[in-house]
Amino acid sequence: MEYRLVIQINLMNEYQYRMVKKTEFTYDDLRKIILKKAKNIHTLSVEHGYTIECDGEIYSYNDNDDGEINIPIQKIKLAVIILHNHPHEFKEPSTFSGADVYNLLYYKPQEIVLCSYGMCFTMKDTGCTLLPSEVMHVLDKKYKEITNQLFNKYISNQNNTPREMRENYKRFKVELEQEYRAFLRTYSKKVNLLYTEEKL
């Protein structure tokens, strides 16, 4: 019978050691745990994240006041699945950034999962031959192109009334996410990334 050593720290900062039976987890088990966590964080207004390891150990990470979460590199390397949420001021589901896909390709977890306002986005590497930096560059460049196009369409007109400006700003932010998601669907197929979009 296998056991693992668990170290707990009590309020007196003393270390306590205990042996607990080691549990075997299938990939499906780990995925169910992560998707349950996704349902808890998909509507939050700040970023939260989780990593889960092959033995079922799960670690939580919160926004560090700069609008992002910083997961230690060692935890990324040990993760089987990485989960985080993407807040959006108008609650439009927001998918993977270039940096998210870079982490998938560079650190090689089995899957990355992103949740945002009722949607769950997942991605696996199924044989991408491009460098992680190349993929990130393409995605970041496209996001910037869409941003500039929609800015010119909705924001650049200085003759709009305050109400029109507010309405156009919302259209700008919502359509940006929609168009970028559409691009990611197409691009991921070209570079052998298995990308899915599902309702939570």
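Keep in mind that this is a model prediction, so the values were computed, not measured. (Residues numbered from 1 in each chain as written. Predicted model: local features only at pLDDT ≥ 70, side-chain atom pairs only at ≥ 80, totals over all residues. Heavy atoms only, no water.)

A. A look at the pairing of strand β4 (residues 58-62). Summarising the sheet, strand β3 (residues 48-52) and β4 pair through five bridges and their orientation is antiparallel. Counterpart to Thr51 in the pairing with β4 is Tyr59. The antiparallel pairing of β3 with β4 creates a hairpin that spans five residues between the two strands, and Gly56 there sits at a positive phi of about 90 degrees. (Pairing = 2+ DSSP bridges. Helix = DSSP H or I, 4+ residues; strand = E, 2+ residues; numbered from the N terminus.)

B. Molecular detail of helix α5 (residues 162-190). Compared with the 42 Å implied by 1.5 Å per residue over 29 residues, the 42 Å span of α5 between its first and last C-alpha is a close match. Of the positions making up α5, those classed as buried are Asn168, Phe172, Val174, Glu175, Leu176, Glu177, Tyr180, Arg181, Leu184, Tyr187 and Ser188. Here the buried face of α5 lies against α3 (98-107), β7 (119-125), α4 (132-154) and β8 (193-199). One or two residues past the end of α5 sits Asn192, with phi positive at roughly 60 degrees. (Expected span 1.5 Å × (residues − 1). Buried < 20%, exposed > 50% of the residue type's maximum accessible area, 1.4 Å probe, protein only. Contact = heavy atoms within 4.5 Å.)

C. Up close: the nonpolar core. If you look at the biggest cluster of nonpolar residues, it comprises 30 residues, and the most contacted ones within it are Phe96, Val101, Met123, Val135, Leu139 and Leu193. Residue assignment for this core shows that the elements contributing at least two residues are α3, β6 (111-116), β7, α4, α5 and β8. Residues contacting Phe96, with those up to four places away along its chain left out, are His86, Val101, Ile112, Val113, Leu114, Phe121, Thr122, Met123, Tyr180, Leu184 and Tyr195. One finds Ile34, Ile52, Leu83 and Cys120 within the second-largest nonpolar core, a separate group that totals twelve residues. (Core = buried A, V, L, I, M, F, W, Y, C linked by side-chain atoms within 4.5 Å.)

D. A look at the side chain of Thr51. As for its position among the elements, Thr51 is in strand β3. Using a relative accessible area of 0% as the deciding quantity, one classes Thr51 as buried. At 3.0 Å, the side chain of Thr51 forms a polar contact with the side chain of Tyr61. In this view, Thr51 contacts Glu57, Ile58, Tyr59, Tyr61, Ile71, Lys75, Ala79, Ile81 and Ile82; residues no more than four positions away in its chain are not counted. (Polar contact = N/O pair within 3.5 Å; in protein donor to acceptor, adjacent residues only side chain to side chain.)

E. Fine view of the pairing of β7. In terms of burial, β7 is a largely internal element, five of the seven residues being buried. Sheet topology places β6 next to β7; five bridges connect them, and they run antiparallel. Its bridge partner being in β7, Cys115 is matched across the sheet by Cys120. Here β6 folds back onto β7, and the loop between the two strands holds two residues, one of which, Tyr117, carries a positive phi near 50 degrees. Of the pairings in the sheet, the one linking β7 to β8 comprises seven bridges and is antiparallel in character. Directly across from Asp125, in β8, lies its bridge partner Leu193.

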